[in-house]
Amino acid sequence: MELLTVLEQIDEEAKVIETTSAKGFKLWMPKRVVFTPDALDEPYGQQIYERAKSLNLNIELLKNNRITGLRGATERETYKIAKNTLAIVNAPKSAFNLRPIPPSADWQFHLAEGCPAHCQYCYLAGSLQGPPAIRVFANLPSILENTVKYERLNQVTSYEASCYTDPLSLEHITGGLAETIKFFGQRPMSHLRFVSKFDAVEPLMGLEHNGHTRFRCSLNADAVARRLEGGTPNVTARIQALRKMALPKVQGGGGYPIGVVLAPIMPIPGWEDAYDDLFNQLQQNINFDCDLTFELISHRFTPGSKDVLMEWYPNTSLDMEESTRATKRNKFGGTKYVYNREQMQLLKSFFESEIKTRFPNAKVLYWT
Ligand code: SF4
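Within the structure, the ligand sits among Cys115, Ala117, Cys119, Tyr121, Cys122, Tyr123, Leu124 and Lys197. Classifying every residue of the shell around the ligand by side-chain character gives seven nonpolar, no polar and one charged.

Right, dumping it as structure tokens:
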């Protein structure tokens, strides 16, 4: 089926859009939704426009393709304004030159940039420039078609869609993740991966993904999530969403391959018990055979990300003390601060052994 026909059909189905997730988490509603003229020329841009209208969001149609009005008098104010702004724009030409993203996937591509949550360690700090507004790309059909050029011959190619956003956090307004999943469902040798801290998975049920999309849930110890992951559903709700996505379709689930991204792992006081509780909860909910992977990511930061985070969250209790960390150089000569070797080893063995004991059939994709 043509992608645009699918878009039209979905739009019909989505006439009534939920405003809370199944667990009652209030879905994000931006205070301001701006559309550039180019974005409105796109059928998918029109679809988002109709959805935003039906949600009674405050819509602004811009005269040119530049987003303005994102700056406040202070950095804090700018943060607040930007995090409440959803901009529907066209992805620039550079977005069509895909970049590799090891160890997660072969290629990364982007449905959007920015995220409405407020994690005090946010991975986007320092990677995206300017005020942290949420930009959704209206030229989605071309972005998806472009991925085909990157397919390898006779080999499965994987594509990561959540490097610069949490796509599920925006799905109630955009519907773009469902389109993307269906697109990859029709490509036998292309696999999609995305990760989310959100739990509103209902719109992803019943899609023909053909096992080509892996939904990964980003989890942490409850104490870390409560303290540092503002604007996200709690850990229990996320695990229930993960269960729903993994359950076979005949049992009312999504039948997706799933994954758990444990990140950022932190040796907080009592960390073994805290993460043990998390594994208990996971084990109770993922208590059936399924295709399950784990990705283990310890906390790290760079001088640049620390500066941005300290502007966004000046009162954060997140530990970013350089003197207690080891340094690592990336391939471009930049520095990142990681836990020291002994701590890393301790954490790594704990997590790998917990997973081996509790989920013997799951695959640990990497520790970093
Ligand atoms: S969910 Fe991810 S992208 Fe969004 S604020 Fe948290 S860390 Fe950043």
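Having put the structure on the table, let's press on.
Summed over the entire model, instances satisfying the criterion amount to zero disulfides. No disulfide involves Cys163; its sulfur sits 13 Å from that of Cys122, the nearest cysteine.

Right, let's get into the nonpolar core. Core analysis: the biggest nonpolar cluster contains 109 residues, and Phe109, Leu204, Leu262, Tyr275, Leu282, Phe294 and Phe351 have the highest contact counts within it. Beyond its immediate stretch of four places on either side in the chain, Phe351 contacts Leu262, Ile265, Trp271, Tyr275, Phe279, Leu296 and Trp367. In this structure, Val195, Val261, Ala263 and Ile297 belong to the second largest nonpolar core, which totals five residues.

This part is about the environment of Val201. With respect to the secondary-structure elements, Val201 resides in the loop between β10 (190–196) and β11 (213–219). Residue Val201 is classed as buried on the basis of its relative accessible area of 3%. Spatially, the C-alpha atom of Val201 lies 22 Å from that of Phe279, the residues being 78 residues apart in sequence. Residues contacting Val201, with those up to four places away along its chain left out, are Leu168, Phe215, Ala241, Lys244 and Met245.

Where helix α10 (residues 271–285) meets helix α12 (residues 341–358), the closest approach of the two axes is 11 Å, and the angle between their N-to-C directions is 25°. The orientation of α10 with respect to α12, classified from their angle, is roughly parallel. Here the hand of the crossing between α10 and α12 comes out right-handed. Packed against α10, whose contacting residues are Trp271, Glu272, Tyr275, Asp276, Phe279, Asn280 and Gln283, the element α12 presents Leu346, Leu347, Phe350, Phe351, Glu354, Ile355 and Arg358 at the interface. When its residues are assigned to classes, the contact of α10 with α12 shows eight nonpolar, two polar and four charged.

Along the chain, the position of Glu42 falls in the loop between α2 (37–40) and α3 (43–54). Here Glu42 sits buried without a salt bridge, and the closest side chain of opposite charge, Lys93, lies 12 Å off (N-O distance). Look past the residues within four positions of Glu42 in its chain and what remains in contact with it is Asn90, Ala138 and Asn139.

Position of Gln108 relative to the elements: it lies in strand β5 (residues 105–108). A residue is classified by how much of its surface remains accessible, and Gln108, at 7% relative accessible area, is buried. A polar side-chain atom of Gln108 sits 3.4 Å from a polar atom in the side chain of His110. Discounting residues that sit within four places of it in the chain, Gln108 has contacts with Leu98, Arg99, Pro100, Ile101, Glu160 and Cys163.

It is worth spelling out the sheet that holds strand β13 (residues 258–265) at this point. Ordered by their spatial adjacency, eight strands build an open sheet running β4-β5-β9-β10-β11-β13-β14-β17, and the pairing between neighbours is mixed. The open sheet is flanked by β4 (99–101) and β17 (363–367), the only strands paired with a single partner. Across the sheet, the axes of successive neighbouring strands diverge by a mean angle of 30°, strand direction being ignored. Helix-sheet contacts for α12 involve β13, β14 (292–298) and β17, and the interaxial angle to β17 is about 170°.

Cut-offs used in this document
- Residues take numbers from 1 onward in each chain, read along the sequence in its written order.
- The predicted origin of the model limits local features to residues at a pLDDT of at least 70 and limits the giving and counting of side-chain atom pairs to 80 or more, whereas totals for whole chains, interfaces and linings rest on all residues.
- Side-chain metrics rest on all non-hydrogen atoms present in the structure, leaving aside hydrogens and water.
- Whether a residue is near a molecule or strand depends on its heavy atoms: if one lies within 4 Å, it is near.
- When residues are sorted by character, Ala, Val, Leu, Ile, Met, Phe, Trp, Tyr, Cys and Pro go into the nonpolar class, Asp, Glu, Lys and Arg into the charged class, and all the rest, Gly among them, into the polar class.
- Two cysteine sulfurs form a disulfide in these notes if their separation is within 2.5 Å.
- Residues belong to one nonpolar core when they are buried, are Ala, Val, Leu, Ile, Met, Phe, Trp, Tyr or Cys, and are joined through side-chain atoms within 4.5 Å.
- Think of it in three bands: residues with accessible area under 20% of the maximum for their type are buried, residues over 50% are exposed, and the middle band is partly exposed, with areas taken using a 1.4 Å probe on protein chains only.
- For this analysis, residues touch if any pair of their heavy atoms sits within 4.5 Å.
- What counts as a helix is a DSSP run of H or I of at least four residues, what counts as a strand is a run of E of at least two, and both are numbered from the N terminus.
- Only the stretch in contact is used when fitting a helix axis, every axis being a line fitted to C-alpha atoms; angles between N-to-C directions are given from 0 to 180 degrees.
- Roughly parallel here means an angle under 35 degrees, roughly antiparallel means over 145, roughly perpendicular means 65 to 115, and every remaining angle is called oblique.
- Note: crossing handedness is left-handed where the near helix turns anticlockwise from the far helix by less than a right angle, and right-handed where it turns clockwise.
- His is not counted, nor are the chain ends; Lys and Arg add positive charge and Asp and Glu add negative charge.
- Salt bridges, as used here, are contacts in which a Lys or Arg side-chain nitrogen is within 4 Å of a carboxyl oxygen on Asp or Glu.
- Pairing of N or O atoms within 3.5 Å defines a polar contact, subject to two protein rules: one partner must be a possible hydrogen donor and the other a possible acceptor, and residues neighboring in sequence count only if both atoms are side-chain atoms.
- For two strands to count as paired, DSSP must find a minimum of two bridges between them.

So, to be careful, I would describe these as geometric facts and stop short of saying anything about function.
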